[in-house]
Amino acid sequence: GDCLTSEILQDLTPTLRKDGSELWVIFNPQSSSDATAKRFLIPFYGQLLKTGVYEDDLHYIVWTNYDENPWFPESLNGEREFDLQTLSRAEYDHKWLGHFNDHIENAIIKAEWFDAAIDAHKKLNFKPLGIEVVGHDPSDLGGDDKGLCYRHGSLVKQVLKKSTGDVNEGMDWALEFAIQNRVDLFTWDCDGMGVSLNRQVQESLKGKHIDTLMYKGSAGVDHPGQLYEGTYVKEKRKTNAESFYNKRAQKSWYLRDRFFNTWLAIEKGVWSDPTKLISLSSEITELDLLRTEACKIPRKPNNNGLIQIYPKPEMKKRFKINSPNLFDSLVMSFEDREQLKTTHLEFDGWHS
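### Considering the overall build of the chain
The helix and strand inventory of the chain stands at 15 helices and 10 strands. Sequence separation of at least 24 residues holds for 66% of the intrachain contacts in the chain that already meet a minimum separation of 6. Accessible surface, the chain as shown: approximately 19500 Å² in total, 49% of it carbon and sulfur.

Structure (structure tokens):
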């Protein structure tokens, strides 16, 4: 048959005119923004990540790699093991495991850090202690999923997405989850449409003994005068205000520090206080999609040397990255009651 290129598939796929005809497409994934990937992988990607197989009346898609090749030679396995030790995890995953070649320069979280954090509480033998939080990234009708993250102390217990419904239905979904799990704090993104959801939140949580916090990533940093004590410390320690461009950068980088500390503890034996680590439950529903988002968040160059993260519209235009709703929900979930007093001053009367 004809060789199918991304350029062809962008406008037209071959027409199957005879009953029983089949169109076979065999390829190694490149960019997730390629037309071939958009047509044959992206709509079914969640299921493929989970089981390696997707099937409906029109499609039968199988994700297969070296480990399913009965003729895979030992000599080639030697090359694979060498690549595992020398390539970045993102490069290895693309070459040997069939993941997209979507490596982002200056990504703040490495794939190997993320992988080390999976069930880290079991590997390092610590229990989740402290506040239970649900973070929610709302979205309206359109291409973006709604995100939800549930964490207890340093343990992230669940990450979910909702692809259907408007912004209010999405908020009802997140609030119901928070109420059922009797969390201590519910936080959501109030940059953009999220600012109009406060009344809905307060009415739903009235009498439920759940604090609420409106997360505003574009706001100034928390505790601006305090010294930043994370892993990105060079010769001279600086304050949070001297280190971060805004709250979104600060909170994303704090999360990056948790991943790095966890990797150091597991892979290098460098001890850290468990309250500065992160563990991702292997039971998380959207673990693979969360990994895809978390490992593609790029740092933006800043003329003043501040740590800055690309805004969502710029990420989409420059890197073809869709809104990272699951990652943003994860970042929001690491808010705590300490912020209620300071945030209350900015949004007076909006919190329970």
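### Section: the packing of aromatic side chains
Here the structure, examined in full by the defined rule, presents 14 aromatic pairs. A centroid spacing of 5.1 Å and a plane angle of 80° characterise the contact between Tyr 310 and Phe 319, whose relative ring orientation is edge-to-face. A network of ring pairs unites the aromatic residues Tyr 66, Phe 72 and Trp 96 as a single cluster. Sitting over the face of the ring of Phe 40, Arg 39 holds its NZ or CZ atom 4.6 Å from the ring centroid. Above the face of the Phe 334 ring, Arg 151 is positioned so that its terminal group lies 4.6 Å from the ring centre.

### Focus: the pattern of salt bridges
Close approach of charged atoms allows side chains of opposite charge to pair. Taken as a whole and assessed by the stated rule, the structure comprises 16 salt bridges. Between Glu 314 and Lys 300 there is a salt bridge, with the nearest N and O atoms lying 3.0 Å from each other. Pair noted here: Glu 314 is in helix α13 (residues 312-319) and Lys 300 is in strand β9 (residues 299-300), with a separation of 14 residues, a long-range link. Using a relative accessible area of 27% as the deciding quantity, one classes Glu 314 as partly exposed. What you see here is one network of salt bridges that share partners, running through Asp 222, Lys 247, Lys 251 and Glu 335.

### Description of the sheet that holds strand β6 (residues 185-189)
With mixed pairing, the six strands of this open sheet are ordered in space as β7-β6-β3-β4-β5-β8. Of all strands in the sheet, those bounded by a partner on one side alone are β7 (211-215) and β8 (279-280). With five bridges joining them, β6 and β7 adopt parallel strand pairing. Opposite Thr 187, over in β7, you have Leu 213 as the bridge partner. Against the sheet, helix α14 (residues 325-333) touches β3 (132-137), β4 (146-152), β5 (155-162), β6 and β7, its axis set at about 145° to β3.

### Regarding unusual backbone geometry
Positive phi values are uncommon outside glycine, yet Asn 125 reaches one of about 60°. Mapping Asn 125 onto the fold places it in the loop between α7 (120-123) and β3. Among the residues examined, Asn 125 registers a relative accessible area of 71% and is labelled exposed. Within the chain, Arg 182 stands out as a residue other than glycine whose phi angle is a positive 50°. Residue position: Arg 182 is located in the loop between α8 (167-180) and β6.

Thresholds applied
- Residues numbered from 1 in each chain as written.
- Predicted model: local features only at pLDDT ≥ 70, side-chain atom pairs only at ≥ 80, totals over all residues.
- Heavy atoms only, no water.
- Helix = DSSP H or I, 4+ residues; strand = E, 2+ residues; numbered from the N terminus.
- Contact = heavy atoms within 4.5 Å.
- Areas by Shrake-Rupley, 256 points an atom, 1.4 Å probe, with all protein chains shown as cover.
- Phe/Tyr/Trp six-rings, centres within 6.5 Å; stacked < 30°, edge-to-face > 60°.
- Lys NZ or Arg CZ within 6 Å of the ring centre and 35° of its normal.
- Salt bridge = Lys/Arg side-chain N within 4 Å of Asp/Glu carboxyl O.
- Buried < 20%, exposed > 50% of the residue type's maximum accessible area, 1.4 Å probe, protein only.
- Pairing = 2+ DSSP bridges.
- Axes fitted to C-alpha atoms, helices over the stretch in contact; angles between N-to-C directions.

From the geometry alone we can't say anything about function, so treat these as descriptive.
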